[in-house]
2 protein chains.
Amino acid sequence: MKKPTLCVGLVCVDVVAETEGFPVEDTDQRIPDLSYRRGGNASNSSTVLAQLGMKSEFLGTLTNSMQLDFIREDFSKHCVTIEQCPIFPVCEFPTSIVIISTINGTRTILHHPKNLPELDIQHFSNLDLTNYSWIHFEGRSTNIDNIKQMIRTVRERLEYMKISVEIEKARPVLDELLPLADVVFVSKEYAYFSGFRTMKEAVEGFLDVTKPGTIVVCAWGSEGAAAGQNGTVVSQSACPPVQIVDTLGAGDTFNAAFIYSQVNLWDWEKGLEFACQIAGNKIGQKGFLGIGRFKHPVEALLKSQQQRR
Amino acid sequence: MKKPTLCVGLVCVDVVAETEGFPVEDTDQRIPDLSYRRGGNASNSSTVLAQLGMKSEFLGTLTNSMQLDFIREDFSKHCVTIEQCPIFPVCEFPTSIVIISTINGTRTILHHPKNLPELDIQHFSNLDLTNYSWIHFEGRSTNIDNIKQMIRTVRERLEYMKISVEIEKARPVLDELLPLADVVFVSKEYAYFSGFRTMKEAVEGFLDVTKPGTIVVCAWGSEGAAAGQNGTVVSQSACPPVQIVDTLGAGDTFNAAFIYSQVNLWDWEKGLEFACQIAGNKIGQKGFLGIGRFKHPVEALLKSQQQRR
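Rules of the game
Residues numbered from 1 in each chain as written. Chains lettered and ligands numbered in written order. Predicted model: local features only at pLDDT ≥ 70, side-chain atom pairs only at ≥ 80, totals over all residues. Heavy atoms only, no water. Pairing = 2+ DSSP bridges. Helix = DSSP H or I, 4+ residues; strand = E, 2+ residues; numbered from the N terminus. Contact = heavy atoms within 4.5 Å. Axes fitted to C-alpha atoms, helices over the stretch in contact; angles between N-to-C directions. pLDDT = per-residue confidence, 0-100. Least-squares fit on C-alpha atoms with pLDDT ≥ 70 in both. Buried area = accessible area lost by both parts, 1.4 Å probe. Salt bridge = Lys/Arg side-chain N within 4 Å of Asp/Glu carboxyl O. Polar contact = N/O pair within 3.5 Å; in protein donor to acceptor, adjacent residues only side chain to side chain. Parallel < 35°, antiparallel > 145°, perpendicular 65-115°, else oblique. Left-handed = near helix turned anticlockwise from the far one by under 90°. Nonpolar A, V, L, I, M, F, W, Y, C, P; charged D, E, K, R; others polar. UniProt positions renumbered as here; feature names shortened; annotations may be inferred. Buried < 20%, exposed > 50% of the residue type's maximum accessible area, 1.4 Å probe, protein only. Right-handed = clockwise from strand over helix to strand, strands pointing away.

## A closer look at the sheet that holds strand β1 (residues 5–8) of chain B
Residues and elements named next belong to chain B.
- Judged by pairing direction, the sheet is mixed, and its nine strands sit side by side in the order β7-β5-β1-β11-β12-β13-β14-β15-β16 without closing on themselves. Bordering the open sheet on either side are β7 (80–81) and β16 (232–236), each of which pairs with just one other strand.
- As paired elements, strand β5 (residues 56–59) and β7 share two bridges and run parallel to each other. Bridging from a neighbouring strand, Glu 57 pairs with Thr 81 of β7.
- Taken strand by strand, helix α6 (residues 199–207) contacts β13 (183–186), β14 (215–219), β15 (225–229) and β16, and its axis lies near 25 degrees from that of β15.

The structure is reproduced here in structure tokens:
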């Protein structure tokens, strides 16, 4: 079995309210469901990697607040290890309120970072990096210098290690991460912010500012996703489920499935197809538990196609 | 010192988001503040009674979930005892998401009852009722039979005990509580639902269906409040603070302040004035802690007025 993947970034608490329509201001209503979920991009991606059958580890700051047991148990339930995470006393987890309207599938997010310090280079330096097969970084504008130092540390210590970064938010400083990784995930939001209007245009454009050999991947919601390397760009349509149940974390799922494909040394075109499939499947279920059950048919299909070529 | 007051009803978790305007559907934003608060009408009223200087006890169901320590510590911080509360295993606290728009002071509430059982007559029967100076019940349509039985138990065991009930939500079954208490708090919502269009009309109307001697009290938001007994009805204008900071729990504060006045054997007209003052002061501060600091000047003023008569 492969060594574990490591996802570095944020874990937060999502308070998820399901409503039958977006609420009207100044009203008081009973809603069909309300749940606490562990959220955060890197936290979600580590979860999906574990559910796809990888050994998966998450690295991010934790705190000894009322939700610590919940966060720990939820990582454990999804088979993600968190042994290296520093635990701060007397802080609170970053928290998002997520309002999901079941009528039209919109999700409205209200986020507060609270007071939990982000991971710094000291926490990262303690790791034995030879333990991992892949290291994925969630690009965070509020912690950019530390993230760049962490990537530098990996490059210095282990030339062969594959690194991916995710650039999601429209923050100029995140540009600095583009030339540093082997796989770069750029969001539609960030692509728009950078002046691109289609996913292919975005992949082509970002390939110009990454180092040779970098794979650029860009998911574009219901239109699908595109990826490219060394001047070749391919797009893939989305694989929507019969019924949209829960879109929260679909992008993180997509990224994890693509990483899975690369850890297993598939062609990136196949990885793109697989990532669209698994992200589509995720949207058809609540949360991430058991998302791996979809892996085997998809994987078998993709492999048989690959053999036929 | 008086014996403790007992407030019987719900405690829940409020996840309170402060936004700079009501959120637009399908957006993702950082918000200025997000906090967890202990909420629930009886829970809030017990808090205000304690902060006004009464010995105060709360009775409602608790559960051994991740928020139990938070709930316990928050009661303790506000000097409310909860020793008699039954604790259920493997449930979750009822939870509300409250979106407060700081631009216009609106509060939008999304509530989910979760799976915590409500208090039943067995839990109540264990109490030594002679320990209390006043018993207040939060009228809950989902638990009406138990509440009626609890009131009956008080009446059977202790003829002298004063009982108040709060009727807030527009649910027909709550009508059954009207004839059972010595003090009845009716909300503007319930009054409207019952066909009344002004607070005086509501108090007059509800006096007709309560037993002789009952005091009916009805708060009417920024217009103030009215109260009445044996055919006499008095209204009082609101006492808004210089700046509206936080309206959450203002009604529960009003009720607690009125109960405080009655435990201390003031005229109910003075109680009405005091309740409007303390509720107004509450709106000018976040939460309930230290609301008692307003009590002494108000109390002194009311007493001096009373002596002048």
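## As for the confidence of the model for chain A
- Taken residue by residue, chain A gives an average pLDDT of 94. The fraction at 70 or more is 99%.
- Prediction confidence for the complex, expressed as pTM and ipTM, is 0.86 and 0.83 respectively.

## Remarks on the relation of the copies chain B and chain A
- Note on the identical chains: chain B maps onto chain A by a rotation of 180 degrees and an axial translation of 0.0 Å, with an RMSD of 0.0 Å. Considering both components of the superposition, the chain copies are consistent with a two-fold axis. Among all residues of chain B, the one whose C-alpha sits closest to the rotation axis is Met 66 of chain B, at a distance of 3.0 Å.
- When you check the interface residues of chain B against chain A, 100% turn up at the interface there too, and the contact is symmetric in its surfaces.

## Things to note about the interface of chain B and chain A
- On the chain A side, the residues contacting the 40 residues of chain B number 40 residues.
- Its largest share of buried area at the contact with chain A, chain B owes to Arg 30, Tyr 36 and Met 66 of chain B, together 19% of the area lost on that side.
- Inspection of the chain B/chain A interface yields two salt bridges.
- The closest approach of N and O atoms between Asp 28 of chain A and Lys 169 of chain B, which form a salt bridge, is 3.9 Å.
- Put simply, chain B and chain A have 20 residue pairs in polar contact (both at pLDDT 80 or more) between them.

## Observations regarding the packing of helix α1 (residues 41–51) of chain A against helix α7 (residues 250–263) of chain A
Residues and elements named next belong to chain A.
- Interhelical geometry of α1 versus α7 gives an angle of 50 degrees and a closest axis separation of 8 Å. Judged by the inter-axis angle, α1 sits oblique to α7. Viewed along their axes, α1 and α7 form a crossing whose handedness is right-handed. Facing α1, whose interface residues are Asn 41, Asn 44, Ser 45, Val 48 and Leu 49, α7 presents Asp 252, Thr 253, Asn 255, Ala 256, Ile 259 and Tyr 260.
- Here the residues of the contact of α1 with α7 are counted per class, giving five nonpolar, five polar and one charged.

## With respect to the side chain of Lys 114 of chain A
- By the element assignment, Lys 114 of chain A lies in the loop between β10 (107–112) and α3 (121–125).
- In this structure the side chain of Lys 114 of chain A is engaged in a polar contact, spanning 2.3 Å, whose partner is the backbone oxygen of Leu 34 of chain B.
- Excluding its chain neighbours within four sequence positions, the residues that come into contact with Lys 114 of chain A are Glu 92, Phe 93, Pro 94 and Thr 95 of chain A together with Leu 34 and Ser 35 of chain B.

## Structural notes on the UniProt feature "domain: Carbohydrate kinase PfkB" (unreviewed entry) in chain A
- In the numbering used here, UniProt assigns the feature "domain: Carbohydrate kinase PfkB" (unreviewed entry) to residues 6–287 of chain A.
- Taken end to end, residues 6–287 of chain A is 30% helix and 26% strand, and its two terminal C-alpha atoms sit 21 Å from one another.

## Some thoughts on the pairing of strand β11 (residues 134–138) of chain B
All names here are of chain B.
- A large share of β11 lies buried, amounting to five of its five residues.
- Side-chain alternation along β11 places Trp 134, His 136 and Glu 138 on one buried face and Ile 135 and Phe 137 on a second face that is also buried.
- Bridge count for β1 against β11 is four bridges, and the pairing is parallel. Paired with Val 8 across the strands is Phe 137, a residue of β11.
- Where β11 and strand β12 (residues 163–167) come together, four bridges link them in parallel fashion. Bridge pairing in β12 links Glu 138 to Glu 166.
- For the handedness criterion, the β-α-β arrangement of β11, helix α4 (residues 144–157) and β12 is classed as right-handed.

## A word on the pattern of salt bridges
- The full count for this structure, using the stated rule, is 31 salt bridges over all chains.
- Note that Asp 33 of chain A and Lys 286 of chain A form a salt bridge whose closest N and O atoms lie 3.1 Å from each other. In this pair, Asp 33 of chain A sits in strand β4 (residues 33–39) while Lys 286 of chain A sits in the loop between α8 (268–283) and α9 (295–308), placing the two residues 253 residues apart along the sequence.
- Judged by its relative accessible area of 46%, Lys 286 of chain A falls in the partly exposed class.
- Between Glu 273 of chain B and Lys 270 of chain B there is a salt bridge, with its nearest N and O atoms 3.3 Å apart.

## Section: the packing of helix α7 (residues 250–263) of chain B against helix α8 (residues 268–283) of chain B
Residue and element names in this part refer to chain B.
- Two numbers describe how α7 lies on α8: the axes approach to 8 Å, and their chain directions differ by 145 degrees. Both α7 and α8 take part in a crossing whose hand is right-handed. Taken together, the residues of α8 that come into contact with α7 (itself represented by Ala 250, Thr 253, Phe 254, Ala 257, Phe 258, Tyr 260, Ser 261 and Gln 262) are Trp 268, Gly 271, Leu 272, Phe 274, Ala 275, Cys 276, Ile 278, Ala 279, Lys 282 and Ile 283.
- Within the contact of α7 with α8, the residues separate by chemical class into 13 nonpolar, four polar and one charged.

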